[in-house]
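Next come the chains, spelled out residue by residue.
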Amino acid sequence: MAKIYSNASPKNDNLKPKDETISFLLNYSKALSVINYNKLKFEALLN
Amino acid sequence: MKKELIQDAELVSSYIKGDEKALSILIQRHKQKIYSFIYSKVYDRDITEDIFQDTFIKVIKTLKLGKYNEEGKFLPWVMRIAHNLVIDHFRKNSRMPKFSNTGEFSIFSVLSDSSLNAEKSLIKDQVESDVRRIIEELPEDQKQVLVMRMYQDMSFKEISERTGVSINTALGRMRYALINMRKVIDQNNIVLTN
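Residues numbered from 1 in each chain as written. Chains lettered and ligands numbered in written order. Predicted model: local features only at pLDDT ≥ 70, side-chain atom pairs only at ≥ 80, totals over all residues. Heavy atoms only, no water.

(A) The arrangement of the overall build of chain A in detail. Tallying secondary structure elements over chain A gives one helix and two strands in all. Across chain A, helices and strands are ordered from the amino to the carboxyl terminus as α-β-β. Counting only residues that meet the buried cut, chain A has 23% of its 47 residues in that class. Within the structure as shown, chain A displays about 4200 Å² of accessible surface, and the carbon and sulfur contribution to it stands at 54%. (Helix = DSSP H or I, 4+ residues; strand = E, 2+ residues; numbered from the N terminus. Buried < 20%, exposed > 50% of the residue type's maximum accessible area, 1.4 Å probe, protein only. Areas by Shrake-Rupley, 256 points an atom, 1.4 Å probe, with all protein chains shown as cover.)

Set out below in structure tokens:
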């Protein structure tokens, strides 16, 4: 049997973004509206 | 797997039509993959958080502006945006090195060691000897001008006086010397960077 000398790297299951970041993104998405004017597109943040 | 891809595409199209909830599902579904991907490159929680946020801001803007046209490939597309932002982050950081604050003042965070390490100095020597060999290949008149200008740091006026040709001729020889060197470098696939 081959011996495995290396340690398994610690699993980090906690790798996910903070809830605040997610909620910021969702709010940002709701607030962002794109206004079409002729062939131009304007972004507007309506907070 | 295929089912999820179709679902992603559906969610994207309903988000474009104005369904905000679809975005929430997309973020929930892929947040872990994208977050770990960014973390695996930058190894810093706060920076990962920032890049994750910027990635989705870009995603949201692109989708709302109607510029998204890669249906069915949502995750790879988001990953690519994240990847580009990670590269931007490293570029920005190499221009403005960050001082790590460990609580105690360290003089080495302000003073940097500008001397090259063993590997870099080997590469530098190699590059310099390659350049010299390429210069040896040049026609004599071009080599003369290039050596005087680059190695002896003479002005073109001095070069023209020394070689007995006009300044314009000296400039022209320098130009052809560089063109010829580039040609040799290209033809032989010589890498002159470290």
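Moving on from the model shown.
(B) Structural view of the confidence of the model for chain A. Here chain A shows a mean pLDDT of 78. Residues at 70 or above account for 74%. For chain A, per-element mean pLDDT is lowest for strand β2 (residues 40–45) of chain A, which scores 75, and highest for helix α1 (residues 19–31) of chain A, which scores 92. (pLDDT = per-residue confidence, 0-100.)

(C) Region of the structure containing the pairing of strand β1 (residues 32–37) of chain A. Residue and element names in this part refer to chain A. Where β1 lies against β2, six bridges are found, and the strand directions are antiparallel. If you follow V34 over to β2, its bridge partner there is E43. Adjacent in sequence and paired antiparallel, β1 and β2 are bridged by two residues, among which N38 carries a positive phi angle near 50 degrees. (Pairing = 2+ DSSP bridges.)

(D) Broad picture of the side chain of E49 of chain B. Of note, E49 of chain B is situated in helix α3 (residues 45–64). There is a polar contact of 3.1 Å between the side chain of E49 of chain B and the side chain of Y35 of chain B. E49 of chain B has contacts with P17, K18 and T21 of chain A together with Y35 of chain B, leaving out every residue within four places of it along the chain. (Polar contact = N/O pair within 3.5 Å; in protein donor to acceptor, adjacent residues only side chain to side chain. Contact = heavy atoms within 4.5 Å.)

(E) Region of the structure containing the interface of chain A and chain B. Opposite the 19 residues of chain A that make contact, chain B presents 23 residues. Here chain A meets chain B over a buried area of about 2000 Å², counting both sides, of which 65% is carbon and sulfur. Here chain A and chain B share zero salt bridges between them. Run the count over chain A and chain B and you get six residue pairs in polar contact (both at pLDDT 80 or more). Among the residues making up the side of chain A that touches chain B, the classes are represented as nine nonpolar, four polar and six charged. (Buried area = accessible area lost by both parts, 1.4 Å probe. Salt bridge = Lys/Arg side-chain N within 4 Å of Asp/Glu carboxyl O. Nonpolar A, V, L, I, M, F, W, Y, C, P; charged D, E, K, R; others polar.)

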